[in-house]
Amino acid sequence: MALIVLKTGTFKVNPDGSGTVEEYAYPQRVRRADGTWSALDSTLVANPDGSLAPRASTVDTRLSGGGTGALVTGHRDGQTISLSWPGNLPKPTVAGSSATYAEVLPGVDLVVTAQDTGFSEVLVVKDRAAAGNPKLRKLAFGSSLDGLRWRTSAGHLQAVDDTGKVKLAATAPRMWDASAGNAAAGGRARGTVAGPADGARTAPIEVTAEDGQVTLAPDADMLADPSVQFPLYLDPTIAYSAWTMINSQYTDQSYWSYDKTDCPPPFSGECAKVGQVYGMSMDYRSMFQFSTSGFKGKGIEGAKFTIDLLYSAYSAASETRLYQVNTTISSSTDWANNASKWASSATDAVSNSAHPAARKLTEFDGSLISQLQTIANGSATTTTWGLRAASESSDSGWKKFDAKTAKLIVTVNSAPAAPTTLTVDGKGCVKGATRPFVATATPALRAKVTDPDGDSMSVTFTWAKGNAAGTTFTDTASKVNTPVTNGGTAVVTTGTLVTDGIYAFRAQANDDPSVVNGVKTGPSSTVHGCEFQVDLVDPVAPTVVSDVYKAAGCPEDGCGAVGQTGRFTISSSADVKSFKWGFTTSMTSVATPAALGGSVTIEWTPTSGGPKTLYTQAVDRAGRIKNGTYQFYVAGPSPAKARWLLNDATEQADEAGNPVGPVARDDTGLGNTASVDGATLGVPGRITPGKDGQPRTAARFSGTNAAITAPAVVDTSKSYSVSAWVKLADTSTNHLVANAWGSDHSAFYLWYTTATNRWVFETTSNDNATGYTYSTVTSDAVPVVGAWTHLTGVYDSGTDQLYLYGVAAIACSIIPPLQVAAPFLGAASTVLGAIDTYKSCSEGEGIDCGLGVVGLIPGGRALKALGDGLTNLKVTRGLRNEARNGLKTWQNQVANGITEGRRGKAFVMKTLNRAEATYSDALRNPSHWSDSHKGWNFLGNALGAEGIFNEFCGWCGESRQSDAGLAPMWGKDWGKQKSKSPSRSSSAGSSSSYSSPSWQAKLSRMI
């Protein structure tokens, strides 16, 4: 059971989850500087500086210890009132809560009393001589305010803040004498500093506040009246209060800070008077004002008003009634402006007696619950309740109550909040045409629920069926989820709904399942505010139409080509909102039509030839899906037109043995022999001999009219590529690598130019003597002198664009590079990407990085181009497993150094040997070719796409290429890398050129 302590009450959490608020009108405690609570205690104690202060008061009060300066200072809510006596003060005599400053004027004492809610200043005029002192006719107290200002109203003095709110106030000051009163009424026998006796003589004191002064003007007639009983008392009490009285005889008298301590012996404190005064004809009523903060906005389950009765005029029980007072109270409250504000009927009545004087708890309830509920539902921050006698024409109901004990005891329970975050099958709350679709006849309804008191709840979901237009709804069923913890999500599953039906639902929480329509039921979510529609029909399987890669009607070797982009249009049902697609079953790409039910068109560029499957999936508004497949065949790379290994002997002879000039023979077998002028063949080159034993060497040119010339081998009006390994000796002059002469111009030039200090691939628009133009593409970076560089120029007739690719090889010599030739691949999408920067390896780094550049790069690319697909392997199933295991072993062994790296390399070589044997078998047995084709594709992907080179160069450290990087070439996307220089249209004439070998024709050369 938790207990929260407040200044005017407490809040207690009950075991059943409800709370009990005890709210007093009178403050019960004050918070100390250390944050703890203290009971109120106005007893004065001395401060180190000699001033006096109450032990615990709601107004931080400081009294003078004598001398000049402030007489009394009060701080409340960060605001300050300070009053000073016009003259020096003697050291005070302290008794309990009072400090007496003797003889501030001849025969006049000043008594300052600290109270729980303020302070009083009473001038005690001890004799008639003192009463004749002219200084008593007008007393000016010095005044200082901080954050407050004085306001006077009907003789009342109020200290208000900037908003006009009263923070401290003084009832219109009064003076009284020491004459005897009606002791039989349970009050004082005579007037004292504390207040007058019942029936004693009193008179008002005029008060003004201006120019830094509060001025009191006592009643001159009373000061001079010879019948006055001395001493006389002059009282301006400044305090705040939450209770007061009104008197039917003194209709304009405020009791806000006046005559509140007239309690019957042996009791003291503040007493509330009720009924007609014993033996007199005037009636009192008492009122108490309570804060509503403890129960505002909550459900009221129980309520009582309690107060202690201290005195009754008679032993016979008399009836006291509780009324709601429909106004607030203040220092201006009196009978004249308040008596008519009392409710016409009593809330409750209690008949009892405490004669002659005894403490007796008195409890009122009656209709208090319903009245407080109305107040809790409203905006009022306070509520006022009053006590009066049942009969105000007789003194039989004359009583006095302990005002400090007046309190409301209210049992409250906060209703749950309206449910939030409503969803249907995970889809948000929407109304109207954008309502979500669900793919099930029994969707799950969810709502988050909260309760201010932290209670668990039962949550009722109600769903309604709409008409065809979704404009009207009729409740059809409901379900309850219980218990649901505070802050939790309630969920129910509906009954079976009909397809295409439009529905709406709502939710409502109750923190006590036994209360159906009581105050514990919270507000509902918006009625019919969450709509949805049921869709139980799948979309149709997607259909695909392609402009290039057709499912039927292609040539025998397939449609399109490696590197040629195709467009695929995908369509399905009228309610489809998106399509997923891909060339694996995972289908990670998503395309969204411009409008619901529309088609989408995607573009795709193949990186290898062979059979392909486009997987598609249609997704409708409800999330229902339907898969489809589209199968087609991509034509493979074109066969090589010519290739020269440049390893021909220096001394050559024809078939008859006759010596002939040096020539470079065509390795394709197509007879495109090239003549050699000014060049030396067979010099050491960058590429090592292949597994066929044929050396791959280089040609060194003299630099003067030196060339290797071949007949025309390719139509340069169509797509072609030309590729070569070159080593630039210097940058002092232009260097031509390859060209194709016509009559007046070359169809293309692959060369180094000093004008830009770059590699250039350039084409000519025609072979005329005039009217021709050049199209040029230039390398990004400066060529590396003395480094072997792989250059490839490409013309793509489909896009009418030029491409130039160049890689400067990294040279390390820890172990020999893998013996796989670097093929001249013709398709622009499979040639080596442009790499412009490099760093060399140092010895001791393990595997040779050049192994990857010179061996794995071309070898992996060549193998990758051999086929596609990993399914339905037959002859090569064993190859697949060996390749995978070998590559993983190689990856692991690289990290262990050179020795293990060589063993790994040997394993891969063994795998390649097995692959070649499989290929040979396929050549002998054409029926095996398809499977061998797929096996080669796997191995190419394994070498090229599984990150082997990343392992090597990542481990090799600084050898990794720093800009474009090698990693992009070894991922799954082998897209072509276009030069950053603008490409221009070209329409080249026919001349000699180069193209790459096909894998079908020269597989053995690569291995």
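To keep things clear, this report deals only with the structure shown in the data block. (Residues numbered from 1 in each chain as written. Predicted model: local features only at pLDDT ≥ 70, side-chain atom pairs only at ≥ 80, totals over all residues. Heavy atoms only, no water.)

### Examining helix H4 (residues 368–377)
Moving on, step 1. Residues of H4 that are buried include every one of Leu368, Gln371, Leu372, Gln373, Ile375 and Ala376, and no others.
Moving on, step 2. Of the surrounding elements, those touching the buried residues of H4 are strand E28 (299–312), strand E29 (318–325), strand E31 (357–364), strand E32 (382–389) and strand E33 (399–413). (Buried < 20%, exposed > 50% of the residue type's maximum accessible area, 1.4 Å probe, protein only. Helix = DSSP H or I, 4+ residues; strand = E, 2+ residues; numbered from the N terminus. Contact = heavy atoms within 4.5 Å.)

### Regarding the sheet that holds strand E37 (residues 444–448)
Hydrogen bonds along the backbone pair up the strands of a sheet, which may run parallel or antiparallel.
Moving on, step 1. Reading across from one edge, E35-E34-E37-E40 is the order of the four strands in this open sheet, with antiparallel pairing throughout. A strand with exactly one partner marks an edge of an open sheet, and here the two such strands are strand E35 (427–428) and strand E40 (489–493).
Moving on, step 2. Of the strand pairs in this sheet, E37 and E40 are connected by five bridges, and their pairing is antiparallel. Across the sheet, arginine 446 pairs through a bridge with valine 491, a residue of E40. (Pairing = 2+ DSSP bridges.)

### Some points on the packing of aromatic side chains
Moving on, step 1. Within this structure, the stated rule accounts for 32 aromatic pairs.
Moving on, step 2. Ring centres of tryptophan 85 and phenylalanine 141 lie 5.6 Å apart, and the angle between their planes is 65 degrees; this geometry places the pair in the edge-to-face category. Highlighted residues: tryptophan 85 in the loop between strand E10 (79–84) and strand E11 (93–95) and phenylalanine 141 in strand E15 (residues 139–146), separated in sequence by 56 residues.
Moving on, step 3. Judged by its relative accessible area of 7%, tryptophan 85 is buried.
Moving on, step 4. Residue class for phenylalanine 141 comes out buried when judged on its relative accessible area of 4%.
Moving on, step 5. When the ring of tryptophan 581 is compared with that of phenylalanine 583, the centres are 6.5 Å apart and the planes differ by 85 degrees; the resulting orientation is edge-to-face.
Moving on, step 6. Following the ring pairs from residue to residue traces out a cluster consisting of Tyr549, Phe568, Trp581, Phe583, Trp604, Tyr630 and Phe632.
Moving on, step 7. Sitting above the plane of the tryptophan 342 ring, arginine 285 keeps its charged end 5.0 Å from the centroid.
Moving on, step 8. The ring of phenylalanine 437 is capped by arginine 621, whose NZ or CZ atom sits 3.8 Å from the centre of that ring. (Phe/Tyr/Trp six-rings, centres within 6.5 Å; stacked < 30°, edge-to-face > 60°. Lys NZ or Arg CZ within 6 Å of the ring centre and 35° of its normal.)

### Some remarks on the pattern of salt bridges
Moving on, step 1. For the structure shown, the criterion picks out 28 salt bridges.
Moving on, step 2. We note a salt bridge from arginine 359 to aspartate 402, for which the minimum N-O separation is 2.9 Å. Linking arginine 359 in strand E31 with aspartate 402 in strand E33, this pair joins segments that are 43 residues apart in sequence.
Moving on, step 3. Its relative accessible area of 45% is what places arginine 359 among the partly exposed residues. (Salt bridge = Lys/Arg side-chain N within 4 Å of Asp/Glu carboxyl O.)

### Examining the nonpolar core
Moving on, step 1. Counting 50 residues, the largest nonpolar core has Phe288, Phe295, Phe305, Leu372, Trp385, Leu387 and Leu408 as its most contacted members.
Moving on, step 2. Of all the secondary-structure elements, those providing two or more residues to this core are strand E14 (118–125), strand E25 (243–247), strand E26 (271–276), strand E27 (283–291), E28, H4, E32 and E33.
Moving on, step 3. Setting aside residues up to four positions removed in sequence, leucine 408 forms contacts with Val21, Glu22, Glu23, Phe290, Phe295, Lys304, Phe305, Leu368, Leu372, Thr383 and Trp385.
Moving on, step 4. Core analysis: the next-biggest nonpolar cluster, separate from the first, contains 45 residues, Ile81, Leu148, Ile205 and Ile238 among them. (Core = buried A, V, L, I, M, F, W, Y, C linked by side-chain atoms within 4.5 Å.)

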